Amino acid sequence: MNHCDFPLFTFIAQETGHSPLEETMTKQCRRCGAPFVTRSRIRKRCDACQTIVSAEKQKKANERLKARRAARRMCLLAS
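Reading the values: rules and limits
- Residues numbered from 1 in each chain as written.
- Predicted model: local features only at pLDDT ≥ 70, side-chain atom pairs only at ≥ 80, totals over all residues.
- Heavy atoms only, no water.
- Buried < 20%, exposed > 50% of the residue type's maximum accessible area, 1.4 Å probe, protein only.
- Helix = DSSP H or I, 4+ residues; strand = E, 2+ residues; numbered from the N terminus.
- Pairing = 2+ DSSP bridges.
- Contact = heavy atoms within 4.5 Å.
- Salt bridge = Lys/Arg side-chain N within 4 Å of Asp/Glu carboxyl O.

Examining the pairing of strand 1 (residues 25-28)
Consideration 1: Burial along strand 1 is one-sided: Met25 and Lys27 are buried, and none of Thr26 and Gln28, which face the opposite way, are.
Consideration 2: Inspection of the sheet shows strand 1 paired to strand 2 (residues 35-38) by four bridges, in the antiparallel sense. When the bridges of strand 2 are listed, Thr26 appears paired with Val37.
Consideration 3: Once strand 1 ends, the chain turns through six residues before running back antiparallel as strand 2, passing Gly33 with a positive phi of about 85°.

So, in structure tokens, the structure goes:
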């Protein structure tokens, strides 16, 4: 018997401080402070705030991409 015979979640659920995968928990949004229910131990924002934050991050990423492309274009034109 090797380590591949035991999936990881069997060990996670038995450790202290870890909840089973099906359990829901109430958390508080780090952005607006509203309580929300989730099954994920990772989530830190409610659905509404998560949508807003995702859009903001996507906008910043697009701006960085445009700046990189513009800088590359300028380098190609200069040489």
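This is not the end of the story, as more comes after the structure.
Structural notes on the environment of Thr38
Consideration 1: Looking at the secondary structure, you find Thr38 in strand 2.
Consideration 2: Judged by its relative accessible area of 7%, Thr38 is buried.
Consideration 3: Apart from residues lying up to four places away in sequence, Thr38 is in contact with Glu23, Thr24, Met25, Lys27 and Arg43.

Focus on the pattern of salt bridges
Consideration 1: Inspection of the entire model under this criterion finds two salt bridges.
Consideration 2: A salt bridge links Arg31 to Glu56; the nearest nitrogen and oxygen atoms lie 3.7 Å apart. Here Arg31 is found in the loop between strand 1 and strand 2, whereas its partner Glu56 is found in helix 2 (residues 47-78), with 25 residues between them in sequence.
Consideration 3: Its relative accessible area of 42% is what places Arg31 among the partly exposed residues.
Consideration 4: On the basis of relative accessibility, which here comes to 40%, the residue Glu56 falls in the partly exposed class.
Consideration 5: Across the pair Asp47 and Arg43 runs a salt bridge whose closest N-O atoms are separated by 2.9 Å.
Consideration 6: For Asp47, a relative accessible area of 56% gives the class exposed.

Keep in mind these numbers describe shape, not what the thing actually does.
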